[in-house]
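Here is what each chain is made of, one letter per residue.
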Amino acid sequence: MTDPEPGPRPALTTRRPRLWLELSVIVVVKLTLFFTAKHLWFSEPLARHMTIPQPQVEQQLLGTAAKPVPPVSPTRGASHDLTR
Amino acid sequence: MISPDDVVTLSRLQFALTAMFHFLFVPLTLGLSWILVICEAAYVMTGRQVYQDMTRFWGKLFGINFAMGVATGLTLEFQFGTNWAYYSHYVGDIFGVPLAIEGMMAFFLESTFIGLFFFGWNRLSPVKHLMVTTLLALGTNLSALWILIANAWMQNPVGAEFNYHTMRMELVSLSEVFFNPVAQAKFVHTVAAGYVTGAMFVLGISAFYLLRARDTGFAIRSFAIAAGFGLAASLSVIVLGDESGYTTGEVQKVKLAAIEAEWETHPAPAGLTLFGLPNQAEERTDYAVKVPYALGLIATRSVDEPVIGIKDLKRNHDLRIRRGMKAYEALVKLKAGDRSDAVLLQFEQHKADLGFGLLLKKYTPRVVDATEAQIAQAVSDTIPQVAPLFWAFRGMVGLGFLFLFIFGASFWYLARKQLAPRRWLLRLCVVAIPLPWVAAELGWFVAEYGRQPWTISGILPTHLSVSSIEASQVWTSLLGIGAIYLGLFVVEMYLMLKYIRLGPASLGTGRYHGEATTA
């Protein structure tokens with residue numbers, strides 16, 4: 001077992017990997033991607049704040065129709081129209 | 001095979017993908033945080049620079065993992081409202097508290113202390129910095145507790161009851177939710193699995209440096225800490241896994257029977273099927289290799305309590321579905337405005353089985369008019385596919401014992417100063433680095449797949465939990481999230497491998513492998 005030898009300290013500071021900068025950029029890019037994903041695919045949740053209107057719940061659980069609640073349109077409306 | 005327009009299966013797949021990806025980061029954070037505490041405590045006690053370097057280097061890998069993993073669970077929350085609206089409505093009153101506490105833990109406690117950990121080395125005294133590291137470890141572990149409390153409630157929904165006025169489960173006892181026996185067993189088993197992951201990570205990378213004969217003083221100390229911590233953690237994960245299995249046997253008898261492929265209720269104490277080929281169509285296990293009495297002793301901790309087999313459980317479910325039909329009938333009348341005593345009594349008498357009645361919605365929208373064949377189909381649905389659970393569980397347990405062997409052998413040879421010639425062991429340590437993740441994901445698969453066909457056990461069937469959305473929507477978000485996560489995984493692996501290759505030289509202290517030559 002050998003301890004690290006305290007040798008002459010090389011001038012590494014300038015070429016050291018700038019990890020924290022890299023990680024900060026990654027976190028920012030990641031959050032941007034997540035919130036873009038939210039905007040694109042999850043921006044109109046049926047259950048906002050984990051509740052939905054009671055008639056819809058009753059329709060889902062007690063209704064007799066095969067597909068009681070009309071599906072949410074995959075097109076998310078004006079905010080997703082990139083041509084505007 | 002997944003049907004391309006099956007919203008339920010696609011939503012499950014998306015949630016599973018997201019949760020399993022998120023859980024790639026969690027166990028390493030849990031385990032590595034305590035290894036940092038041990039390294040830094042050694043530095044504070046001995047004053048030796050190498051222990052501070054160890055804390056900083058492993059802390060750097062901890063930081064990469066933390067940064068890559070933070071917020072990867074956010075997409076789960078996005079899915080709750082969009083894909084799982086009825087589930088969200090049903091559980092909203094119960095999930096709010098633990099999720100809010102978890103959010104505060106994760107964003108305030110962890111974020112504060114992780115900042116102090118990385119940027120406080122030159123600003124805090126060694127003892128104060130050690131306190132910061134300890135609080136960071138406590139924070140990361142405690143934030144896991146709240147999520148597991150929420151998950152445990154889905155497995156064993158205690159402390160809540162259905163309110164037909166609001167059509168959702170409502171909190172009756174917060175303490176019952178917090179002290180849910182499933183939550184306690186799940187928490188300790190999960191964090192112990194995280195400790196194994198952290199220990200194997202450090203052990204394997206240290207073994208890699210030892211095989212390359214580089215930074216041996218640093219590596220051997222890291223190896224020693226990982227071997228000791230990992231040995232304790234792997235023993236804990238086995239013992240606590242046994243506790244988790246016992247709790248499952250108490251409150252999730254279907255899951256236990258499926259895991260063990262117990263089709264019949266055998267006289268107590270039941271034998272344990274080590275291996276075999278579960279045959280769901282014929283309800284038997286072909287070529288079963290059994291250990292007499294073992295399952296009964298493990299699962300019930302008694303010699304006279306039987307482990308209920310799948311066939312008997314199905315008979316019980318048949319009765320519960322029929323009672324659930326009565327609950328459903330009464331609920332429909334209540335919602336139509338009939339609050340007569342007879343209807344209220346009928347609902348009160350059968351409401352515990354309402355969820356079983358709801359299983360019939362898959363086959364007949366009116367439920368109360370279900371035929372015998374439809375009831376039989378619903379009964380069959382109450383049993384998840386046995387073979388995947390049987391093998392996943394055995395895979396997890398087998399890996400658990402492999403970890404015990406690796407940590408035990410490492411600790412033994414290190415203590416006897418015979419590690420260096422055991423290159424096979426060092427190579428095994430390197431190869432085993434990814435295996436704790438495999439075990440953890442298998443464990444989650446057993447927990448979640450074994451809960452089917454429910455999102456909330458016995459209360460809300462999975463097929464009624466999803467929103468009325470179109471399959472194309474789920475496909476688009478599934479592929480999009482998959483692409484994002486694949487990209488994140490590639491970046492994580494790139495950064496991890498880059499800093500592992502650099503080793504402690506990445507600290508730029510001038511004391512480690514390769515630094516002098518590059519000066």
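Parameters and conventions
- What you see as residue numbers is a count from 1 along each chain, following the sequence as written.
- Just so you know, chain letters begin at A and ligand numbers begin at 1, following the order they were written in.
- Reporting of local features is limited, given that this is a predicted model, to residues whose pLDDT is at least 70; pairs of side-chain atoms are given and counted only at 80 or more, and all residues count toward the totals for whole chains, interfaces and linings.
- Secondary structure follows DSSP: runs of H or I at least 4 residues long count as helices, runs of E at least 2 residues long count as strands, and numbering of each begins at the N terminus.
- Only the C-alpha atoms count toward the radius of gyration. The rule for a globule is 2.2 Å times the residue count to the power 0.38.
- Field definition: a residue is buried when 20 or more other C-beta atoms are found within 10 Å of its C-beta, exposed when 12 or fewer are, and partly exposed for counts in between, with C-beta atoms placed from the backbone.
- Throughout, a residue-residue contact means that the two C-beta atoms, derived from backbone geometry, are no farther apart than 7 Å.
- Strands were regarded as paired on the criterion that DSSP finds at least two bridges between them.
- By our criterion, buried Ala, Val, Leu, Ile, Met, Phe, Trp, Tyr and Cys residues that link up through C-beta atoms within 7 Å make up a nonpolar core.
- Note that the domain bounds were set by an automatic or database domain assignment.
- The axes are straight lines fitted to the C-alpha atoms, using for helices just the contacting stretch, and the angles between their N-to-C directions are given from 0 to 180°.
- Note on convention: near helix rotated counterclockwise from far helix by under a right angle means a left-handed crossing. Clockwise means right-handed.
- Just so you know the grouping, Ala, Val, Leu, Ile, Met, Phe, Trp, Tyr, Cys and Pro go in nonpolar, Asp, Glu, Lys and Arg go in charged, and all remaining residues, Gly too, go in polar.
- Working rule for helices: expected span equals 1.5 Å times residues minus one.
- In these notes the angle categories are as follows: under 35 degrees is roughly parallel, over 145 is roughly antiparallel, 65 to 115 is roughly perpendicular, and the rest is oblique.
- pLDDT: the predictor's confidence for each residue, scored from 0 to 100.

1. Examining the overall build of chain B
Turning to step 1, where the next piece is worked out: When its secondary structure is counted, chain B shows 19 helices and six strands.
Turning to step 2, where the next piece is worked out: Computed over C-alpha atoms, the radius of gyration of chain B comes to 25 Å, within 12% of the 24 Å expected from 2.2 N^0.38 for 519 residues, which places it in the range of a compact globule.
Turning to step 3, where the next piece is worked out: Looking at chain B as a whole, 50% of its 519 residues are labelled buried.
Turning to step 4, where the next piece is worked out: For chain B, the proportion of contacts with a sequence separation of at least 24, taken over those separated by at least 6, is 75%.

2. Quick look at the overall build of chain A
Turning to step 1, where the next piece is worked out: Helices and strands together make up the secondary structure of chain A, namely two helices and zero strands.
Turning to step 2, where the next piece is worked out: Each of the 84 residues in chain A was classed as buried or not, and the buried ones make up 17%.

3. Digging into the pairing of strand S3 (residues 272–279) of chain B
Regular strands show a simple pattern: their side chains alternate between the two faces of the sheet.
Turning to step 1, where the next piece is worked out: Pairing analysis gives six bridges linking S3 of chain B to strand S4 (residues 284–291) of chain B, with the strands arranged antiparallel. Bridge pairing in S4 of chain B links proline 278 of chain B to threonine 285 of chain B.

4. Overview of the nonpolar core
All names here are of chain B.
Turning to step 1, where the next piece is worked out: In terms of nonpolar packing, the biggest core is built from 160 residues, with Ile35, Trp58 and Ala199 touching the most fellow members.
Turning to step 2, where the next piece is worked out: Per-element accounting of this core gives the leading share, 18 residues, to helix H7 (residues 181–211).
Turning to step 3, where the next piece is worked out: Among the domains, domain 1 (7–252 + 384–509) and domain 2 (260–383) are the pair contributing at least three residues each to this core.
Turning to step 4, where the next piece is worked out: Contacts of tryptophan 58, omitting those with residues within four sequence positions, involve Leu32, Ile35, Leu36, Cys39 and Val202.

5. Side note on the packing of helix H8 (residues 216–251) of chain B against helix H15 (residues 386–415) of chain B
All names here are of chain B.
Turning to step 1, where the next piece is worked out: The contact between H8 and H15 brings their axes to 8 Å, and the two run at 145 degrees. As for the relative orientation of H8 and H15, their crossing is left-handed in sense. Facing Phe223, Ala224, Ala227, Gly228, Gly230, Leu231, Ser234, Leu235, Val237, Ile238 and Gly241 of H8, the residues of H15 in contact are Gly400, Phe403, Leu404, Phe407, Gly408, Ser410, Phe411 and Leu414.
Turning to step 2, where the next piece is worked out: For the contact of H8 with H15, a count of residues per class yields 12 nonpolar, seven polar and no charged.

6. Regarding helix H5 (residues 126–155) of chain B
Turning to step 1, where the next piece is worked out: For H5 of chain B, built from 30 residues, the straight-helix expectation of 44 Å at 1.5 Å per residue is met to within 8% by its first-to-last C-alpha distance of 44 Å.
Turning to step 2, where the next piece is worked out: In terms of burial, H5 of chain B is largely enclosed, as 22 of its 30 residues are buried.

7. Description of the domain arrangement of chain B
Residue and element names in this part refer to chain B.
Turning to step 1, where the next piece is worked out: Domain annotation of chain B identifies domain 1 (7–252 + 384–509) and domain 2 (260–383).
Turning to step 2, where the next piece is worked out: Each of domain 1 and domain 2 was reduced to a C-alpha centroid, and the two centroids are 32 Å apart.
Turning to step 3, where the next piece is worked out: Taken together, the contact pairs 18 residues of domain 1 with 21 residues of domain 2.
Turning to step 4, where the next piece is worked out: Sorting the residues of the side of domain 1 that touches domain 2 by element identifies H8, H15 and strand S6 (460–461) as the ones contributing at least two each.

8. Side note on unusual backbone geometry
With the exception of glycine, the majority of residues adopt a negative phi angle, and the majority of peptide bonds are in the trans configuration.
Residues and elements named next belong to chain B.
Turning to step 1, where the next piece is worked out: Residue proline 269 is bonded to the preceding alanine 268 through a cis peptide linkage, with omega at -10 degrees.
Turning to step 2, where the next piece is worked out: The omega torsion across glutamine 452 and proline 453 is 15 degrees, close enough to zero to call that bond cis.
Turning to step 3, where the next piece is worked out: Within the secondary structure, proline 453 is located in the loop between helix H17 (435–449) and strand S5 (454–456).
Turning to step 4, where the next piece is worked out: The backbone of arginine 301 shows a phi angle near 55 degrees, a positive value even though the residue is not glycine.
Turning to step 5, where the next piece is worked out: One non-glycine residue, valine 367, adopts positive backbone phi at about 65 degrees.
Turning to step 6, where the next piece is worked out: You can see valine 367 is positioned in the loop between helix H13 (354–358) and helix H14 (372–381).

9. Re the pairing of strand S2 (residues 168–171) of chain B
Turning to step 1, where the next piece is worked out: For strand S1 (residues 160–163) of chain B and S2 of chain B, the ladder comprises four bridges, and the chain directions are antiparallel. Note on S2 of chain B: the bridge partner recorded for glutamate 161 of chain B is glutamate 170 of chain B.

10. A closer look at the environment of cysteine 429 of chain B
Residues and elements named next belong to chain B.
Turning to step 1, where the next piece is worked out: Structurally, cysteine 429 can be placed in helix H16 (residues 423–431).
Turning to step 2, where the next piece is worked out: When the C-alpha positions of cysteine 429 and glycine 204 are compared, they lie 4.6 Å apart, and in sequence the two are 225 residues distant.
Turning to step 3, where the next piece is worked out: Once residues within four sequence positions are removed from consideration, cysteine 429 is found in contact with Leu203, Gly204, Ala207, Ile406 and Ser410.

11. Digging into the environment of aspartate 304 of chain B
Residues and elements named next belong to chain B.
Turning to step 1, where the next piece is worked out: With respect to the secondary-structure elements, aspartate 304 resides in the loop between helix H10 (294–300) and helix H11 (310–335).
Turning to step 2, where the next piece is worked out: A count of 9 C-beta atoms within 10 Å places aspartate 304 in the exposed class.
Turning to step 3, where the next piece is worked out: Spatially, the C-alpha atom of aspartate 304 lies 23 Å from that of arginine 284, the residues being 20 residues apart in sequence.

12. Topic: H11 of chain B
Every α-helical turn comprises 3.6 residues, leaving residues that sit three or four positions apart pointing alike.
Turning to step 1, where the next piece is worked out: Over its 26 residues, H11 of chain B runs 35 Å from end to end, which matches the ideal 38 Å to within 8%, given 1.5 Å per residue.
Turning to step 2, where the next piece is worked out: Buried within H11 of chain B are the following residues: Ile310, Leu313, His317, Arg320, Ile321, Gly324, Met325, Ala327, Tyr328, Ala330 and Leu331 of chain B.
Turning to step 3, where the next piece is worked out: On its buried face, H11 of chain B is in contact with helix H2 (54–62) of chain A together with helix H9 (253–259), helix H12 (341–350), H13 and H14 of chain B.

13. Description of the packing of helix H1 (residues 7–46) of chain B against helix H3 (residues 74–82) of chain B
Two numbers describe a pair of packed helices, the interaxial angle and the distance between the axes.
Residue and element names in this part refer to chain B.
Turning to step 1, where the next piece is worked out: In contact at an axis separation of 9 Å, H1 and H3 are set at 160 degrees when each is read in the N-to-C sense. Judged by the angle between their axes, H1 and H3 are roughly antiparallel. As H1 runs across H3, the sense of the crossing is left-handed. The segment H1 lies against H3, with Gln14, Phe15, Thr18, Ala19 and His22 engaging Thr75, Leu76 and Gln79.
Turning to step 2, where the next piece is worked out: By residue class, the composition of the contact of H1 with H3 is three nonpolar, five polar and no charged.

14. Points about the environment of glutamate 492 of chain B
Turning to step 1, where the next piece is worked out: Its location among the elements puts glutamate 492 of chain B in helix H18 (residues 471–502).
Turning to step 2, where the next piece is worked out: Along the primary structure glutamate 492 of chain B and asparagine 65 of chain B are separated by 427 residues, whereas in three dimensions their C-alpha atoms are 7.3 Å apart.

15. Notes on the confidence of the model for chain A
When pLDDT drops low, the exact placement of atoms in the prediction is not to be read closely.
Residue and element names in this part refer to chain A.
Turning to step 1, where the next piece is worked out: With 55% of its residues at a pLDDT of 70 or more, chain A has an overall mean of 67.
Turning to step 2, where the next piece is worked out: Across residues 5–15, confidence stays below pLDDT 50; counting only partners more than four residues off in sequence or on other chains, it has 18 contacts.
Turning to step 3, where the next piece is worked out: With pLDDT under 50 throughout, residues 66–84 is counted as low confidence; its partners more than four residues away or in other chains account for 24 contacts.

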